[in-house]
Amino acid sequence: MSKITDMTKTHNWSGQKLVTADHLLFDAPREKHFMTGSEVLKEAVKRCTVDASVSYPITPQSEAAHLIGELWAEGYVGVYFRGENEFGVMSEVAGCAMAGARTITTTSGPGTLRAMENFAQWSGTRIPCQLILMARGINSPLTIQPDNLEVSYMLETGCQIWYAENVQELFDMSIAAFIVAEKPDVHVPIITVVDGFFVSHTREAVMLPADDIALFPYEPYKSPLPPIDSETPPGRFLRDPFVMKSNYISYATHASWQWEVRSAVERSRPYAKHFLNGLVHVTGEEDAEIAFVTCGTASNQAKEAHRELMKLGIKTKVIKLRTIRPFPTEELIEALEGVKNVFVPEFNVVGWLEKEVKTALYKKSDADVVGGPRVAGGMSMPAEAIIQEVMEKINPGKGA
Amino acid sequence: MANQGPAYYSPYPTAVYEGVITPPEGKALLLTEVVDEEIAMREIAKVMLTSENATIFPGPQVLYGFNEEAKKKAKLIKEMAEVLNSKMIPMYDYRPKYPKIDAEVEINPNHPNLTIWHNNIKAAIFIGVHCHYANVALKIVRAETDCYTIAICGLSGHEDAMATLRDQHSSELEKFIKIAREVKAELGK
């Protein structure tokens with residue numbers, strides 16, 4: 001096995017040739033494979049010259065964390081260890097990233113909530129780590145079923161949030177995520193979300209570049225805060241918890257700090273546009289008066305509904321949001337030009353995406369927004385449910 | 001207190017929420033306008049040479065000789081201060097200070113307005129300050145003082161400064177010093 005000290009200017013410690021993200025994502029030839037989301041995440045991490053990964057098992061992300069551990073055994077990941085629980089994991093991720101390591105972790109559902117305080121701490125300290133969130137229901141009653149209610153808890157943590165629809169997007173996004181998060185003017189954590197089980201446990205065709213290439217390593221000296229390094233200046237500073245010292249530090253300073261974190265998320269837009277090929281992806285009929293605004297696997301179901309509605313002569317389009325933070329307001333408004341009815345199908349009971357869409361469109365669009373259909377607690381969302389929602393709206397009283 | 005910013009009830013105007021973003025590569029930013037680097041350099045030199053108590057705030061990335069480029073930059077910044085007739089107040093430690101900041105000795109990013117008020121500084125250059133601390137300080141300075149702030153940045157710049165030069169390495173600093181000398185001669189300073 002190669003050693004972490006073997007890094008050269010052209011190759012990383014596992015002997016992979018170092019390449020740019022543009023080469024890895026856009027130029028390198030690809031081959032077809034057939035893999036689950038968890039397996040594909042392993043393949044992505046394998047190509048990212050990851051310094052550190054911390055894990056703790058919770059369904060449905062356990063397998064992904066386990067597979068990243070195998071990467072460590074194979075010599076592709078610098079450091080890998082198990083935390084004592086999710087709170088510990090996210091704290092340890094913070095420590096690794098503050099010390100200048102490219103760091104990744106994964107979690108799901110109740111694990112996310114158990115670690116909640118850390119996500120705001122991550123963004124507050126401007127670390128560029130990545131969390132792969134394989135969304136799962138929140139407890140009460142106890143569940144391990146797919147559901148993305150937990151994302152609503154993450155929205156105001158100051159982290160970037162991207163949402164992948166399928167296994168291919170999970171691969172590409174989780175590579176691009178490191179690069180965007182590490183841009184010095186962005187440099188806030190990134191949460192790459194997929195719907196648990198639907199993506200993590202689904203085997204799909206996926207196009208992958210060769211595994212003998214990998215991203216250039218993270219450059220901590222471009223960090224907007226000094227990395228913790230007690231030996232090498234300029235780094236003899238801890239990230240002081242100055243907020244605790246309110247007797248000396250004005251509350252207004254805290255306000256400025258918070259706005260700076262959110263400004264950093266906003267600065268990610270041009271980079272995300274480049275690597276994701278736009279913050280929204282639109283499919284369907286350009287002149288449709290009915291649109292579905294979706295993220296994740298709800299996009300897939302909405303596309304199926306679109307195909308069925310086309311057979312009935314009803315034109316629709318699907319506007320898939322690829323970033324939730326920053327929210328692609330401008331792109332959404334542009335895509336909704338001429339649209340009269342908007343439907344927001346989502347896999348949770350609260351309708352957090354509907355709220356986001358309504359906030360973005362307030363006084364900027366005349367379209368009528370219907371929050372639904374919504375399924376929760378692991379229920380699937382058949383295309384029929386979406387079609388029914390549409391027909392009840394455009395053909396009231398007569399149903400689908 | 002400052003005008004209420006656009007970002008809800010924050011007292012701090014936050015440039016990105018006003019639609020201002022950092023300049024593209026090869027360009028500079030003057031308030032909300034993207035301009036050629038040389039135009040911005042001329043304007044910056046003029047502001048520094050004509051404002052009361054113009055001051056350069058060098059940060060750790062040019063105060064510590066952690067690489068050859070930093071050492072080179074540090075010497076150039078000293079030369080820049082001479083050409084611009086400006087003072088220098090370092091920002092070498094970002095931690096809150098006890099029992100209080102000494103505004104004569106340093107500027108602290110957590111309350112930069114104190115240093116600027118105390119010294120009646122009307123124009124300031126931030127250079128070699130880590131991005132996050134520069135941005136936090138620039139927001140506060142912008143909101144609470146009438147100081148014209150200038151970011152000379154080795155990376156992608158700072159939209160919360162009134163003027164931003166990006167990707168500034170020692171060769172660009174040399175170019176700026178040359179332009180500053182010309183502007184100084186034009187102004188008869």
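Conventions we followed
Residues numbered from 1 in each chain as written. Chains lettered and ligands numbered in written order. Predicted model: local features only at pLDDT ≥ 70, side-chain atom pairs only at ≥ 80, totals over all residues. Heavy atoms only, no water. Pairing = 2+ DSSP bridges. Helix = DSSP H or I, 4+ residues; strand = E, 2+ residues; numbered from the N terminus. Axes fitted to C-alpha atoms, helices over the stretch in contact; angles between N-to-C directions. Salt bridge = Lys/Arg side-chain N within 4 Å of Asp/Glu carboxyl O. Buried < 20%, exposed > 50% of the residue type's maximum accessible area, 1.4 Å probe, protein only. Domains from an automatic or database assignment. Contact = heavy atoms within 4.5 Å. Buried area = accessible area lost by both parts, 1.4 Å probe. Polar contact = N/O pair within 3.5 Å; in protein donor to acceptor, adjacent residues only side chain to side chain. Nonpolar A, V, L, I, M, F, W, Y, C, P; charged D, E, K, R; others polar. 1 Å grid on protein atoms, 1.4 Å probe; cavity = no way out; pocket = protein on both sides within 12 Å on 5 of 7 lines; lining within 4 Å. Points joined across faces, edges and corners; volume = space filled by probe spheres on them.

Chain B is annotated in an unreviewed UniProt entry as Carbon monoxide dehydrogenase of Candidatus Sulfurimonas marisnigri.

Under an unreviewed UniProt entry, chain A has the name Ferredoxin oxidoreductase and belongs to Candidatus Sulfurimonas marisnigri.

Peer 1: I keep staring at the sheet that holds strand E13 (residues 316-321) of chain A and nothing clicks. Help me out?
Peer 2: The pairing of strands in a sheet happens through backbone hydrogen bonds and is either parallel or antiparallel. Residue and element names in this part refer to chain A. Read from one edge of the open sheet, five strands run E11-E13-E12-E15-E16, paired in mixed fashion. Of all the strands in the sheet, just strand E11 (280-284) and strand E16 (368-370) have a single pairing partner and so form its edges. Sheet twist, expressed as the average angle between the axes of neighbouring strands with direction ignored, equals 20 degrees.

Peer 1: Which parts of the structure should I look at to understand the pattern of salt bridges?
Peer 2: Pairing is possible between side chains that carry opposite charge, provided their charged atoms lie close to one another. Counted under the stated rule, the structure contains 39 salt bridges over all chains. With a closest N to O distance of 3.0 Å, Arg269(A) and Glu266(A) form a salt bridge. Of the charged contacts in the structure, one is a salt bridge between Glu37(B) and Lys175(B), with a shortest N-O distance of 3.0 Å. Of the two residues, Glu37(B) sits in helix H1 (residues 37-50) while Lys175(B) sits in helix H6 (residues 170-187), which places them 138 residues apart along the sequence. In this structure Glu37(B) comes out as buried when scored by relative accessible area, which is 15%.

Peer 1: I keep staring at the domain arrangement of chain A and nothing clicks. Help me out?
Peer 2: The figure often quoted for interface size is the accessible area lost as the parts come together. Residue and element names in this part refer to chain A. Annotation of chain A at the domain level lists domain 1 (14-222) and domain 2 (282-394). On a C-alpha basis, the centres of domain 1 and domain 2 stand 27 Å from each other. Across the contact, 21 residues belong to domain 1 and 21 residues belong to domain 2. Across the domain 1/domain 2 interface, buried area totals approximately 1900 Å², and carbon plus sulfur atoms make up 55% of it. Ranking the residues of domain 1 by area buried against domain 2 places Leu155, Tyr163 and Glu165 at the top, with a combined share of 32%. The partner of lysine 320 in a salt bridge is glutamate 165, and the shortest N-O contact between them spans 2.5 Å. Counting across the domain 1 and domain 2 interface gives 16 residue pairs in polar contact (both at pLDDT 80 or more). Looking at the side of domain 1 that touches domain 2 element by element, the count peaks at four residues for strand E7 (residues 160-163). Across the side of domain 1 that touches domain 2, the residue classes break down as 12 nonpolar, four polar and five charged.

Peer 1: Please explain the layout of surface pockets as it appears in this structure.
Peer 2: Rolled over the atoms, a probe with the dimensions of a water molecule shows which regions are left empty. Residue and element names in this part refer to chain A. The space that makes up the largest pocket amounts to roughly 1500 Å³. Lining the largest pocket are 45 residues, and of these Val265, Glu266, Arg267, Arg269 and Pro326 sit closest to its centre. A per-element tally of the lining of the largest pocket places helix H9 (residues 251-267) first, with five residues. Classifying every residue of the lining of the largest pocket gives 20 nonpolar, seven polar and 18 charged. Composition of the lining of the largest pocket by domain shows at least three residues from each of domain 1 (14-222) and domain 2 (282-394).

Peer 1: So what exactly am I meant to see when it comes to the side chain of Ser123(A) here?
Peer 2: Residues and elements named next belong to chain A. Following the sequence through the fold, serine 123 ends up in helix H6 (residues 116-124). Overall, serine 123 belongs to the buried group, its relative accessible area being 2%. Not counting residues up to four positions away in its chain, the partners in contact with serine 123 are Thr157, Gly158, Cys159, Val188, Pro189 and Val261.

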